[in-house]
Amino acid sequence: PMIMIEGKPILEREIECLRSQGIVDIIITVSYLADQIINYFGDGTLFGVNIDYFIENVPLGNAGALFMIREKIDQDFLLINADSIFDIDINRFVAHHREKKALVSIFTHPNSHPYDSGLIIAEEDGNVIRWLTKEEKRPKWFKNRVNAGFHIINPKIFDLIDEKGNISKTIKNGSAMKVDLDRQVLRPLCGTGKLFCYDSPEYIKDMGTPERYEEVCEDYRKGKVKAEFDQQFHIILQS
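Read on for a plain summary of the structure. (Residues numbered from 1 in each chain as written. Predicted model: local features only at pLDDT ≥ 70, side-chain atom pairs only at ≥ 80, totals over all residues. Heavy atoms only, no water.)

For the rest of this paragraph, the subject is the nonpolar core. Ranked by internal contacts, the top residues of the largest apolar core, which has 29 residues, are Val104, Ile106, Val128, Ile157 and Leu195. Looking at this core, the elements with two or more residues in it are helix H3 (64-68), strand S5 (77-80), strand S7 (104-109), strand S8 (119-122), strand S9 (128-132), helix H5 (156-164), helix H7 (181-186) and strand S11 (195-199). Judged by nonpolar contacts, the second largest core, of 25 residues, contains Phe86, Ile88, Val94 and Ala148. (Core = buried A, V, L, I, M, F, W, Y, C linked by side-chain atoms within 4.5 Å. Buried < 20%, exposed > 50% of the residue type's maximum accessible area, 1.4 Å probe, protein only. Helix = DSSP H or I, 4+ residues; strand = E, 2+ residues; numbered from the N terminus.)

Moving on, we come to the side chain of His151. Positionally, His151 belongs in strand S10 (residues 146-153). For His151, a relative accessible area of 2% gives the class buried. Here Leu79 takes part through its backbone oxygen, which lies 2.9 Å from a polar atom of the side chain of His151. When neighbours within four sequence positions are excluded, His151 is seen to be in contact with Phe77, Leu78, Leu79, Phe93, Ser105, Ile106, Leu181 and Leu186. (Polar contact = N/O pair within 3.5 Å; in protein donor to acceptor, adjacent residues only side chain to side chain. Contact = heavy atoms within 4.5 Å.)

What follows deals with the packing of aromatic side chains. All told, the structure shown has ten aromatic pairs when counted by the stated rule. Grouping aromatic residues by their ring pairs yields a cluster made of Phe86, Phe93, Phe107, Phe150 and Tyr198. (Phe/Tyr/Trp six-rings, centres within 6.5 Å; stacked < 30°, edge-to-face > 60°.)

Along the chain, Lys194 falls in the loop between H7 and S11. For Lys194, a relative accessible area of 35% gives the class partly exposed. Each C-alpha atom of the pair Lys194 and Ile157 lies 9.6 Å from the other, and the pair is 37 residues apart in sequence. Once you skip the residues sitting within four places of it in the chain, Lys194 turns out to touch Ala102, Leu103, Val104 and Leu160.

So this is what it looks like as structure tokens:
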């Protein structure tokens, strides 16, 4: 999250995009080198936002912290990976989520490496019916539609998981445990009519390899990131 992209940490660029679209209340879950993130961002005042932190003293996977802070969440919230760069119309994504009356909406897009990404198979209306992990066998032909790691989640999902499993009950009883977001929280929703995808060509990239990180840095140097957002926003206004 603190790797620099043209003079600013990835996380700061994420926060700037959120703030520019009216999203100012942020909870950051931190663990390894947490003090570096907390010392840099503080309470968010200098960045025009309000930041709270949850410190994982024990690793909880990429979703375990959600169950520890569930009492702080009383409405739909964005769940974002801290190592992704995006410049997207978030409010349009939210409008789609509400239109579908989804419990969870995931931002999906084509990328250059679908072979090591979660592959999403959905109906025409976006209802997700299958979620193939990168380890699973793929159909001979499939649409390049992958999960971008950008989600809108209704907190009712915690109650649903209470009914179907023991994840949150276990954490409530004081036994911290790792929770995998894709496999334990989202995939079970496939085919239920509660999980929808939002297909968009807007700019969003993960930086899971040095090569992808360099690509993002180059995109910023060339002004490609902001240019893609401006083009998409212009199309939205005209439609």
